[in-house]
Amino acid sequence: MKEENMIEYIRTIIDIALASLGYTIKEYKIDKPKNESFGDFSVNAAMSLASELKENPRNIAAGIIGRLEYDNTKISKITVAGAGFINFFISDDYYKSVLIKILEEKDNYGRSCLNEGKTANLEWVSANPTGLLHAGHGRQVCLGKAIANLLEWSGYEVTREYYYNDAGNQMNMLSKSVYARYMQLITPDFPFPPDGYHGEYIKEIAKIIFNNKGDALKDKEDDILFRETAEQYNFGRIKETLGKFNIKHDVFFNETSLYSQGDLKVLLEKFRENNLSYEKEGAVWLKMEDEGFEKDKVIVKSTGEPTYRLPDIAYHINKIKRGFDFIVDIFGSDHGDTYKEVLFGIRAAGYSTENIKVIIHQMVTFKTAAESVKMSKRSDKVYLLDDLISDAGIDATQFFFVMRAPGTQLDFDIDLAREQSDKNPVYYLQYAHARICGILRNAGEIISPEKICAPDFRYELINNSDEIDLLKILSLFPHEISEASYALEPHRIINYLNRTAEAFHKFYHNNRVIDAGNSELSKARLYLCYAAKQVLKNGFDVIGISAPERM
RNA sequence: GCGCCUGUAGCUCAGUUGGAUAGAGCAUCAGCCUUCUAAGCUGAGGGUCAAUGGUUCGAGUCCAUUCAGGCGUACCA
């Protein structure tokens, strides 16, 4: 689909005018002014040039405007204002053409071909199968879902990936914990390992084994069945939880394949050859202290096992070798330091990290009116993501986790998310969609909903400020998508949808859509409603919530 | 101690990559339903953008220092 973007159009005509005046300019911005009286878009090029040219920016702006050649069916007015802004006023006719565009592109309105033909890899969740997803994981789960969508909407072909480790100490402890619970089914006072995994799920796993095998494994603590059953059970439950969000990872990447395929050996050898590692006290260390890190870090323990850093580095190199154009990782802030070590390791091994972007999100606290919900892995009372979903509902959970910028420490108000009222921000958006659906249901006598794709209405009837304001906002959707996608910040879409819903509600409040006495006006407004519904729905798709027909 | 993140209205948070008069929701107060969904709309009050200094035409945004909170700072992952 062709992107007929007003911002790009303005940039093009400005560039031509600048060139004809002989100005060279590194960068200038095309913004949407906060105040409507300053027009629809403003350009700061004249101010950027002012210090260099040592001339009044308003004069420079006037000079640029004098050279501008533009289509006056699109732009109705251009003015100089303030310190030297060039303000563009877009014609109503242009916005009406956007309405037709929305009706034509439908579910694809807002998608861009900016990254067409490129591939992206998004890795997130990546919880090891030692336990279930707790509520805190939810932020990453939901954020990743929305970011994967954003990447797709900007044209990338996205591989959704999950990295896990089913070997090592943690899995041994899991196995021992299950064994202990299993033994407690036979002799109730069997001791539980002090560092063991608590939580009801361990007992569930033990029961499954006991039901299948009886007490046949009572002296076989090391039987592989304990570990395998636990892993299978945990992964099953994790995938089930992800399934509730409709998340399906394309690749589950097992860390052990890096051992069997020899990636780790090759990497270790490379570090050694390039004199980036050394042996001390039986362990292998990576030289990092001279590179701005606090100290050198162990990459192979004295036991011969690698620490997490080495396979993490090898894993990322593996991703680079698979040829992705863009690699995105999402980690919690508890990994805030380690990713830098990993990126350093990748560079030390001779690979570029410029196409790797790491998103670090801060932690979440859950609150109800009664208490602040604690989430300790050591505690029996873990607040699981499944619990949160059944408390708050799937849409509210997705919405609340995506609502805020990743860098903020999120307060998740469970009571608010659960509340089915006007206090709950997710309903404000969904209600706008449901309202439109209600209108369209009632529109049968004017125009049947199936016919709405054909733009045969009299668009000159759309002319009041509520209608035009709504159209203006609808026209910005593709731009918002590409901005949010570039920044990998889905919360921007929520902010945008809020403005969209607000504009619709205002339009609805002041304007009767279905008017039996004026079918032509009704028809035109129905098309506008349909376009608003389409934009809301597309936005909901991106952030990952449903678009209810009724509420 | 050191590193990263955060500090904006009573509360939860936006702030379009340095732009024009500081924004929303909730909460508080005052209005609007015999008419397509009132889960809505309209209005009011509420701010030393943590503090100080700096950079420039211009700073909530960038830099430095200080204060406060979160997360790290393992031969755990």
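Reading the values: the criteria
Residues numbered from 1 in each chain as written. Chains lettered and ligands numbered in written order. Predicted model: local features only at pLDDT ≥ 70, side-chain atom pairs only at ≥ 80, totals over all residues. Heavy atoms only, no water. Pairing = 2+ DSSP bridges. Helix = DSSP H or I, 4+ residues; strand = E, 2+ residues; numbered from the N terminus. Domains from an automatic or database assignment. Contact = heavy atoms within 4.5 Å. Buried area = accessible area lost by both parts, 1.4 Å probe. Salt bridge = Lys/Arg side-chain N within 4 Å of Asp/Glu carboxyl O. Buried < 20%, exposed > 50% of the residue type's maximum accessible area, 1.4 Å probe, protein only. Axes fitted to C-alpha atoms, helices over the stretch in contact; angles between N-to-C directions. Parallel < 35°, antiparallel > 145°, perpendicular 65-115°, else oblique. Left-handed = near helix turned anticlockwise from the far one by under 90°. pLDDT = per-residue confidence, 0-100. Phe/Tyr/Trp six-rings, centres within 6.5 Å; stacked < 30°, edge-to-face > 60°. Lys NZ or Arg CZ within 6 Å of the ring centre and 35° of its normal.

## Structural notes on the pairing of strand β8 (residues 277-280)
Then comes step 1: Bridging between β8 and strand β9 (residues 283-286) involves four bridges; their strand directions are antiparallel. Of the residues in β9, the one forming a bridge with Y278 is W285.
Then comes step 2: Here β8 folds back onto β9 in antiparallel fashion, the turn holding two residues, of which E281 has a positive phi close to 50°.

## A word on the domain arrangement of chain A
Then comes step 1: Parsing chain A into structural domains produces domain 1 (6-90), domain 2 (96-113 + 421-543), domain 3 (119-164 + 247-361) and domain 4 (169-244).
Then comes step 2: When each unit is reduced to the centre of its C-alpha atoms, the spacing between domain 1 and domain 2 is 30 Å.
Then comes step 3: Domain 1 puts five residues into the contact, and the matching count from domain 2 is four residues.
Then comes step 4: Between domain 1 and domain 2, a total of about 340 Å² is buried, with carbon and sulfur atoms accounting for 63% of that surface.
Then comes step 5: Of all residues in domain 1, the largest losses of buried area upon contact with domain 2 belong to I7, K32 and D40, amounting jointly to 70% of the total for that side.

## Structural notes on the pattern of salt bridges
Then comes step 1: With the rule as written, the count across this model stands at 24 salt bridges.
Then comes step 2: Between R227 and E231 there is a salt bridge; the shortest N-O distance is 3.3 Å. Of this pair, R227 and E231 both sit in helix α8 (residues 224-244), four residues apart, which is roughly one turn of that helix.
Then comes step 3: Of the charged contacts in the structure, one is a salt bridge between R237 and D386, with a shortest N-O distance of 3.8 Å. Here R237, found in helix α8, pairs with D386, found in helix α13 (residues 385-392); they are 149 residues apart in sequence, far enough to count as distant.
Then comes step 4: Given a relative accessible area of 22%, R237 falls into the partly exposed group.

## Thoughts on the packing of helix α11 (residues 309-321) against helix α12 (residues 338-348)
Then comes step 1: For the pair α11 and α12, the least separation of the axes is 9 Å and the interaxial angle reads 60°. Taken together, the axis directions place α11 and α12 in an arrangement best described as oblique. For the pair α11 and α12, the crossing hand works out as right-handed. When α11 is examined against α12, the residues R309, D312, I313, H316, I317 and I320 are found in contact with a partner set consisting of E341, V342, G345 and I346.

## A closer look at the environment of T256
Then comes step 1: Note on placement: T256 falls in helix α9 (residues 256-260).
Then comes step 2: For the pair T256 and I102, spaced 154 residues apart in sequence, the C-alpha separation works out to 48 Å.
Then comes step 3: Beyond its immediate sequence surroundings of up to four residues, T256 is in contact with D166 and A167.

## With respect to the confidence of the model for chain A
Then comes step 1: In the predicted model, chain A carries a mean pLDDT of 90, and 95% of its residues have values of at least 70.
Then comes step 2: pLDDT under 50 marks residues 375-379. Its contacts with residues more than four places away, or in other chains, come to 14 contacts.
Then comes step 3: Of the two predicted TM-score estimates for the complex, the pTM is 0.93 and the ipTM is 0.94.

## Regarding the sheet that holds strand β6 (residues 157-164)
Then comes step 1: As summarised here, the arrangement of the five strands in space is β7-β6-β5-β11-β12, forming an open sheet in which the pairing is parallel. In this open sheet, the two edge strands, each paired with only one partner strand, are β7 (251-254) and β12 (356-361). Adjacent strand axes in the sheet meet at a mean angle of 25° when their direction is disregarded.
Then comes step 2: Examined bridge by bridge, strand β5 (residues 119-123) and strand β11 (residues 326-332) share four bridges and lie parallel to one another. Bridging from a neighbouring strand, L122 pairs with V328 of β11.

## Considerations on the packing of aromatic side chains
Then comes step 1: Within this structure, the stated rule accounts for 27 aromatic pairs.
Then comes step 2: Note on F235 and F252: the rings are 5.9 Å apart at their centroids and 90° apart in plane angle, and the pair reads as edge-to-face. Here F235 is found in helix α8, whereas its partner F252 is found in strand β7, with 17 residues between them in sequence.
Then comes step 3: You can call F235 buried: its relative accessible area is 9%.
Then comes step 4: For F252, a relative accessible area of 30% corresponds to the partly exposed category.
Then comes step 5: Chaining the aromatic ring pairs together yields one cluster made of F366, Y383, F399, F400, F401 and F412.
Then comes step 6: The lysine or arginine in question, R11, covers the ring of Y28, its NZ or CZ lying 4.9 Å from the ring centre.

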